[in-house]
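# Structural overview for review
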Amino acid sequence: MLEMTADLFRPGQIGVLEVKNRLVRSATAERMADDEGRPTPRLLAMYRELARGGVGLVITGHLYVHPGGKCHPEMTGIYSDELTSALAQLADAVHHEGGRVVAQINHGGMQCSRETVSETIAPSAIAADFLPQPAREITPAEIQEAIAAYAQAARRARQAGFDGVQLHGAHGYLISQFLSPFVNRRTDEWGGDLEGRMRFLRAVCRAVREQVGPDYPMLIKLGLMDGIHRTRAASCGLRVAGGLTLDEGVQVTAALESMGLDAVEISGGIGGGRNLNSPSGIRTASDEAFFLPWAQRARPATRLPIILVGGFRSRAVMEDVLAAGDADFISLSRPLICEPDLPRRLQEGQAKSACTSSNRCWPKGQGEGIACRCVDRAT
Ligand SMILES: Cc1cc2nc3c(=O)[nH]c(=O)nc-3n(C[C@H](O)[C@H](O)[C@H](O)COP(=O)(O)O)c2cc1C
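Presented here is an overview of the structure given in this document. (Residues numbered from 1 in each chain as written. Predicted model: local features only at pLDDT ≥ 70, side-chain atom pairs only at ≥ 80, totals over all residues. Heavy atoms only, no water.)

Attention shifts here to the side chain of Arg197. Checked against the element boundaries, Arg197 lands in helix 5 (residues 194-212). When its relative accessible area of 5% is taken as the criterion, Arg197 is described as buried. Polar contacts involving the side chain of Arg197 include one to the main-chain carbonyl oxygen of Leu179, which spans 2.8 Å. Beyond its immediate stretch of four places on either side in the chain, Arg197 contacts Phe178, Leu179, Ser180, Pro181, Asn184, Trp190, Gly191, Gly192, Leu244 and Glu248. (Helix = DSSP H or I, 4+ residues; strand = E, 2+ residues; numbered from the N terminus. Buried < 20%, exposed > 50% of the residue type's maximum accessible area, 1.4 Å probe, protein only. Polar contact = N/O pair within 3.5 Å; in protein donor to acceptor, adjacent residues only side chain to side chain. Contact = heavy atoms within 4.5 Å.)

Given below as structure tokens:
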């Protein structure tokens, strides 16, 4: 282990956005919105608590940009101008505590729940055991509608006072579906080789930029690899196993700067990808930072700041990753459900999060919301 430095609590920069330290709250779907997607008082209180806990940058749970892209009940929305003032309360809650907040914007595509969307769309028609229902192929007109929905959502985020937007380009949602050869088997300009599969992301970035202007921070959480198991692909009757490869993910990373993005958060996994992107049982330092090898592959491919998520639990591991230059920011999801004030605790000398990554924080039913429900939580 390297000697502990104060790297974690040095200010950082994402485009024009100044961040007071290197700790980021990774987007975490809270399931605390009303039926129209408006934040509830409980959600606002959660954001206040997070900001008070000292995290440098809060990224919201994914916000749906279009009613047809609502992933699950109680998801927060950003699909209509009528929501802007309610979202402004959320941004204000964080700012009031001296924090910074970026809105993660998303369209669920094929992964939307039956409870929220009666018919799902994907780049190609797809039925798979990990999907809530078979998805229909999106039409060219619907592609344009989705691109416009991301752009309008970004405009609302800016109007509501958020410090930036993050495109959700990971975990098998619509942007990651377009990138994936497992899902995207189109033969028109929106599919085919990697350049064709990137066209949707490029178009979304262009449309967002047009709405928010040249300086507004635009981030992406990018899935560098799909990691779909070969046998699972075979059981779905699909020819292309594995999906997006790490080599391709690195090529996408290399193209991000030209798309006008300001930072990339590295993640991965589709196909009910919860196991790949938030595995349970992170116990030892060697279980931590499980996407670090991917960050190390991405680092030489881009000049953008790298935000690394996935399994960070101890300050020493976070400091090592920063000191080695493998990432510029450390992103946390489950540890901040467990201890919203973890940044402050780390600064005051706590060595490790109490989170045991048992994944009971995922809400099972209506009205539960995210919460630490682990019985084996460390003290
Ligand atoms: C309850 C829950 C909800 C999540 N919601 C989102 C989300 O809305 N957007 C997203 O990009 N990732 C989401 N994730 C993934 C996390 O941001 C993160 O990438 C993953 O949990 C690994 O980080 P961790 O080990 O710090 O939890 C969610 C994870 C959990 C546990």
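Secondary-structure assignment places Asp163 in the loop between helix 3 (140-160) and strand 9 (164-169). A sequence separation of 117 residues divides Asp163 from Met46, and the C-alpha atoms of the two residues are 18 Å apart. If near-sequence neighbours (up to four positions away) are discounted, Asp163 is found in contact with Leu17, His95, Arg100, Val101, Val102, Tyr216 and Pro217. Of note is the side chain of Asp163, whose polar atom sits 2.7 Å from the side chain of His95.

Here the focus is the environment of Glu97. Counting through the fold element by element, Glu97 comes out in the loop between helix 2 (84-96) and strand 6 (100-106). Judged by relative accessible area, which is 23%, Glu97 ranks as partly exposed. The sequence separation of Glu97 and Gly53 amounts to 44 residues, and the corresponding C-alpha distance is 9.2 Å. If we ignore the near neighbours within four places in the chain, the residues touching Glu97 are Arg48, Ala51 and Arg52.

Below, the discussion takes up the side chain of His62. When you line up the elements, His62 lands in the loop between strand 4 (57-59) and strand 5 (63-64). A distance of 3.0 Å separates the side chain of His62 from the side chain of Asn106, its partner in a polar contact.

One broad rule of soluble globular proteins: the nonpolar side chains tend to lie buried together. In terms of nonpolar packing, the biggest core is built from 92 residues, with Phe162, Leu167, Phe200, Leu256 and Ile266 touching the most fellow members. Apart from residues no more than four positions distant in its own chain, Phe162 is found in contact with Thr60, Leu87, Leu90, Ala91, Val101, Val102, Ala103, Ala157 and Tyr216. Counting residues in each nonpolar core, the second largest holds 12 residues, with Leu17, Val19, Leu57 and Ile307 among its members. (Core = buried A, V, L, I, M, F, W, Y, C linked by side-chain atoms within 4.5 Å.)

Empty pockets left among the atoms are what a rolling probe the size of a water molecule brings to light. A full pass over the atoms with the stated rule returns one cavity of 30 Å³ or more. Volume-wise, the largest cavity comes out at about 60 Å³. Every residue lining the largest cavity is listed: Arg334, Ile337, Cys338, Cys355, Ser357, Ser358, Asn359, Cys361, Cys372 and Cys374. Looking at the lining of the largest cavity residue by residue, the class counts come to six nonpolar, three polar and one charged. (1 Å grid on protein atoms, 1.4 Å probe; cavity = no way out; pocket = protein on both sides within 12 Å on 5 of 7 lines; lining within 4 Å. Points joined across faces, edges and corners; volume = space filled by probe spheres on them. Nonpolar A, V, L, I, M, F, W, Y, C, P; charged D, E, K, R; others polar.)

Oppositely charged side chains may form a pair once their charged atoms are brought near each other. Under the definition given, this model contains 20 salt bridges. Linking Glu142 and Arg136 is a salt bridge whose minimum nitrogen-to-oxygen distance equals 2.7 Å. Note that Glu137 and Arg186 form a salt bridge whose closest N and O atoms lie 3.9 Å from each other. Here Glu137, found in strand 8 (residues 135-137), pairs with Arg186, found in the loop between helix 4 (174-179) and helix 5; they are 49 residues apart in sequence, far enough to count as distant. Note on Glu137: relative accessible area 41%, which makes it partly exposed. (Salt bridge = Lys/Arg side-chain N within 4 Å of Asp/Glu carboxyl O.)

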